[in-house]
Amino acid sequence: FFFQAEDGIRDSVASRGLGDVYKRQVHGILMGGKKGSGGKGKKGGGDAGEDDSTQRLLSLYSKKCVELGTTIPAKVRERFNDCLNEGEVLTELNIWEPIGWQGAKALGDALLEIKYDKLTTLRFWKCGIEDNGLRYICNYLMINKSVTVVEFMDNNITWLGCEFLGRVLRQEVGSPITTLKLDHNPIGSKGVAMLTEGLSMNPTLKILTLNYCEIDQEGAKSLFQILIYIKSAIKEVQLRGNNLKNEGLKELMDVMLVSKALEKIDLADNKVVISSAEDELTNKIYLSVSNKTTIVGSYDFSYNHINPEAVKKIVDGIKEGAVSYTHLTLPTSDLVQISVVAVSSKK
């Protein structure tokens, strides 16, 4: 499938900030990946010195930027030049400057045209690519067999962009993607439903993060369908800062008992209100954390409103049913969170 312009792109909406935490992560990626993550160099095995794919990609990318009236971000051009000077192939692209859909199209079209097969990581943070730009990156991902990590954080992506990604993630496409991060995009529950089109039978993805994505209890039903798949490889799900509320959390607690892969789930700040130790949701959480067959080893319920007696009951449950290592974060008030660690004596 290729994604055409008539699919119905929404009007541009101002992007929301990710905060200083992402700025620190960006700096870490740049400093940590400058030398070592560029790919195989002349000393790293293989004939990287004779591989001109990075140079061809840069040339075509530059040409397409000119055609679309945009430019290559300075840090991205610098990364290309570092690879070329050091005899490396480019394996990571980390972009955190505004490039708009035009910049994403220029890059996606260049990657697709030369069938670039050296990339393992693509990160777009606060780039303003929106659904229209994502469609061109997805055109490339449809045919790519090397990219395993994709991050589109705070790019004003909606359910439409998730539809493109859902097609990439279909089992028959054979995408090798293991990490998908869509934090701070207004995808809503409809966006999760679009992702389900690919993830409900995807055996490859391991990490899915959808923090602050405006997902409500309807989205929890779609997540249930994703996680219930018997061959699902998803080990970590992050859903912090959404609107799952009690009904959505009940859906996800049910899947905790049967999931064969999930090890970590973040459900913090989801407007959950538990008023007593006998609340239905308290019992569902207790059943999940106390069940000795559950493989989930990390739960985060912080910044929700949970009655102190309910907290005590859940803590007692984790002590009874801990897997080899279980970490649980719970609120004791609106401002104070506690972390409980239980180590099982089971062999």
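Residues numbered from 1 in each chain as written. Predicted model: local features only at pLDDT ≥ 70, side-chain atom pairs only at ≥ 80, totals over all residues. Heavy atoms only, no water.

**Here's the deal with the overall build of the chain**
Condition: Numbering of helices and strands runs from the N terminus; a helix is a DSSP stretch of H or I covering at least four residues, while a strand is a stretch of E covering at least two. Only protein chains enter the accessibility calculation, which uses a 1.4 Å probe; a residue is then buried when its area is under 20% of its type maximum, exposed when over 50%, and partly exposed in between. Only heavy atoms matter for contacts: two residues are in contact if any of them lie within 4.5 Å across the pair. All accessibility values rest on the Shrake-Rupley procedure with a 1.4 Å probe; residue burial counts only the protein chains present in the view.
When you go through the chain residue by residue, the secondary structure sums to eleven helices and twelve strands. In the chain, which comprises 347 residues, the share counted as buried stands at 56%. For the chain, contacts bridging at least 24 residues in sequence account for 81% of all contacts bridging at least 6. Of the accessible surface of the chain, which amounts to about 15200 Å², a share of 52% is contributed by carbon and sulfur atoms.

**Here's the deal with the environment of Cys162**
By secondary structure assignment, the location of Cys162 is in helix H6 (residues 159–168). Owing to a relative accessible area of 0%, Cys162 belongs among the buried residues under this scheme. In this structure the C-alpha to C-alpha distance between Cys162 and Arg135, which are 27 residues apart in sequence, comes to 9.6 Å. Apart from the residues lying within four places of it in its own chain, the contact partners of Cys162 are Ile157, Leu182, Ile187, Gly191, Met194 and Leu195.

**Some points on the environment of Phe301**
With respect to the helices, strands and loops of the structure, Phe301 is situated in the loop between strand E9 (298–300) and strand E10 (305–306). For the pair Phe301 and Arg240, spaced 61 residues apart in sequence, the C-alpha separation works out to 9.0 Å. Setting aside residues no more than four positions away along its own chain, Phe301 makes contact with Leu249, Met253, Leu267, Ala268, Ile285, Ile306, Leu328, Thr329, Leu330 and Pro331.

**Considering the confidence of the model for the chain**
The test is simple: Confidence of the predictor in every single residue is expressed as pLDDT, which spans 0 to 100.
For the chain, the mean per-residue pLDDT works out to 85, and 80% of the residues sit at or above 70. pLDDT under 50 marks residues 19–49. Its contacts with residues more than four places away, or in other chains, come to 45 contacts. Confidence drops under a pLDDT of 50 for residues 343–347, and excluding neighbours within four residues, the segment shows eight contacts in the predicted structure.

**With respect to the packing of helix H7 (residues 188–199) against helix H8 (residues 217–228)**
Inclusion rule: Axis lines are fitted through C-alpha atoms, for helices just across the contact stretch, and the angle between N-to-C directions can take any value from 0 to 180 degrees. Every angle not falling under 35 degrees, over 145, or within 65 to 115 is termed oblique; those three ranges are roughly parallel, roughly antiparallel and roughly perpendicular. By definition, turning the near helix anticlockwise from the far helix through less than a right angle yields a left-handed crossing, and turning it clockwise yields a right-handed one. Residues are grouped as follows: Ala, Val, Leu, Ile, Met, Phe, Trp, Tyr, Cys and Pro are nonpolar; Asp, Glu, Lys and Arg are charged; every other residue, Gly included, is polar.
In the contact formed by H7 and H8, the axes pass within 8 Å of each other and the chain directions differ by 10°. Classified by the angle their axes make, H7 and H8 are roughly parallel. The interaxial crossing formed by H7 with H8 has left-handed handedness. Contact residues: H7 offers Ser189, Val192, Ala193, Thr196 and Leu199, while H8 offers Glu218, Gly219, Ser222, Leu223, Gln225 and Ile226. Of the residues that constitute the contact of H7 with H8, the class distribution is five nonpolar, five polar and one charged.

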